[in-house]
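Chains, contacts and geometry: an overview
Chain by chain, the residues run as shown.
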Amino acid sequence: MIDRFFSELVALSEEGGWVFWGLVALAFGIAFALLSLWRSLQMTEAPVLAPKDWRALLAGTRPPMPLVARLRESLGQRDLAGALEEIDHQLFATPTRRFPFAFVLIGAAPLIGLLGTVTGMFTTFDGMSGVATSAPVDIISKGVSEALITTQTGLVIGVPSFIVCSLLKERFDRLRLSYQHVASLLMQRPS
């Protein structure tokens, strides 16, 4: 199965031209960005409470009051607003910076696929003009193949990546909203 995968990859790279390899490199960059976003949403670098406690605290619309009380106790009597702002920054600054970058990379995939379409059409037109030394039909078919492979590759990379990134962004927005709710509970005076 691995041999078949590599033989298909070699065939696609020969027919897709240099743009195909650019798309493959971009796919690795997108995968790294999405994995990095997913990891940051796991709250592994969470301050004050353990990551699993933060996930439980921010999981639903009603935070568990024992965890809220434990967080209030951990923060103590220091400047609560400043401490909450610092925690907000530690929890959400990295994904806030990385989401725009990930969406730019994802948006580039179909555009680079379109670049492959253009380069494939240039090859096709060279074959039609009769300037090339090989048979025109071979050059025309190579150009059409390059155009179709790169377009398809750009879309195959871009569309699923956009869906995954949108789902991660939705999760991030829910976590951020839950954090704001917890912060407002903490700012209220304990009864």
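One structure accompanies this document, and this report is about it. Bear in mind the structure is a predicted one, so any value in this text is a computation, not a measurement.

With respect to the overall build of the protein chain
For the protein chain, the helix and strand inventory stands at five helices and zero strands. Seen in sequence order, the protein chain has helices and strands lined up from the N terminus as α-α-α-α-α. Taking 16 Å as the expected radius of gyration for a compact globule of 191 residues, we find that the protein chain reaches 25 Å, considerably beyond that expectation. Structurally, the protein chain occupies a C-alpha span of about 85 × 35 × 25 Å along its principal axes. The burial tally for the protein chain puts 37% of its 191 residues in the buried class. A separation of at least 24 residues holds for 76% of the contacts in the protein chain among residues at least 6 apart in sequence.

Here we look at the nonpolar core
Ranked by size, the top nonpolar core spans 39 residues in total, and within it Trp54 and Tyr179 carry the most contacts. Among the secondary structure elements, those contributing two or more residues to this core are helix 1 (2-40), helix 2 (51-57), helix 3 (65-75), helix 4 (80-129) and helix 5 (136-187). Tallying contributions element by element places helix 4 first for this core, with 11 residues. Setting aside residues up to four positions removed in sequence, Tyr179 forms contacts with Trp54, Leu58, Leu84, Ile87, Asp88, Leu91 and Phe92.

Let's talk about the pattern of salt bridges
In total, this model carries five salt bridges according to the counting rule given. Across the pair Arg70 and Asp53 runs a salt bridge, and its minimum N-O distance is 2.3 Å. Here the residue Arg70 occupies a position in helix 3, and Asp53 occupies one in helix 2, the gap between them amounting to 17 residues. Between Glu170 and Arg174 there is a salt bridge, with the nearest N and O atoms lying 3.2 Å from each other. Of the two residues, Glu170 and Arg174 are both situated in helix 5; the distance of four residues between them amounts to about one turn of the helix.

Quick word on unusual backbone geometry
One non-glycine residue, Met43, lies in positive phi territory at about 60°. You can see Met43 is positioned in the loop between helix 1 and helix 2. When its relative accessible area of 4% is taken as the criterion, Met43 is described as buried. Of note, the phi angle at Val48 is positive, near 70°, even though the residue is not glycine. Checked against the element boundaries, Val48 lands in the loop between helix 1 and helix 2.

Looking at a nonpolar patch on the surface
A cluster of nonpolar side chains, contributed by Leu155, Val159, Phe162, Ile163 and Leu167, occupies part of the molecular surface with about 470 Å² of accessible area. Classification of Phe162 by relative accessible area gives partly exposed; the value is 44%.

A few points about helix 4
Given a rise of 1.5 Å per residue, 50 residues ought to cover 74 Å, and the 74 Å separating the end C-alpha atoms of helix 4 matches this to within 8%. Along helix 4, the helix axis deviates most sharply at Phe92, where the bend reaches about 50°; the proline Pro95 sits within four residues downstream.

Some details on the side chain of Glu146
When you line up the elements, Glu146 lands in helix 5. The residues touching Glu146, leaving out its near neighbours within four places in the chain, are Glu15, Gly16, Gly17, Gly116, Thr119, Gly120 and Thr123.

Rules used throughout
- Residues numbered from 1 in each chain as written.
- Predicted model: local features only at pLDDT ≥ 70, side-chain atom pairs only at ≥ 80, totals over all residues.
- Heavy atoms only, no water.
- Helix = DSSP H or I, 4+ residues; strand = E, 2+ residues; numbered from the N terminus.
- Rg over C-alpha atoms; globule rule 2.2 N^0.38 Å.
- Buried < 20%, exposed > 50% of the residue type's maximum accessible area, 1.4 Å probe, protein only.
- Contact = heavy atoms within 4.5 Å.
- Core = buried A, V, L, I, M, F, W, Y, C linked by side-chain atoms within 4.5 Å.
- Salt bridge = Lys/Arg side-chain N within 4 Å of Asp/Glu carboxyl O.
- Patch = residues over 30% accessible without salt bridge, like charges linked within 9 Å, V, L, I, M, F, W, Y side chains within 5 Å.
- Areas by Shrake-Rupley, 256 points an atom, 1.4 Å probe, with all protein chains shown as cover.
- Expected span 1.5 Å × (residues − 1).
- Bend = angle between axes of the 7 residues up to and from the residue.

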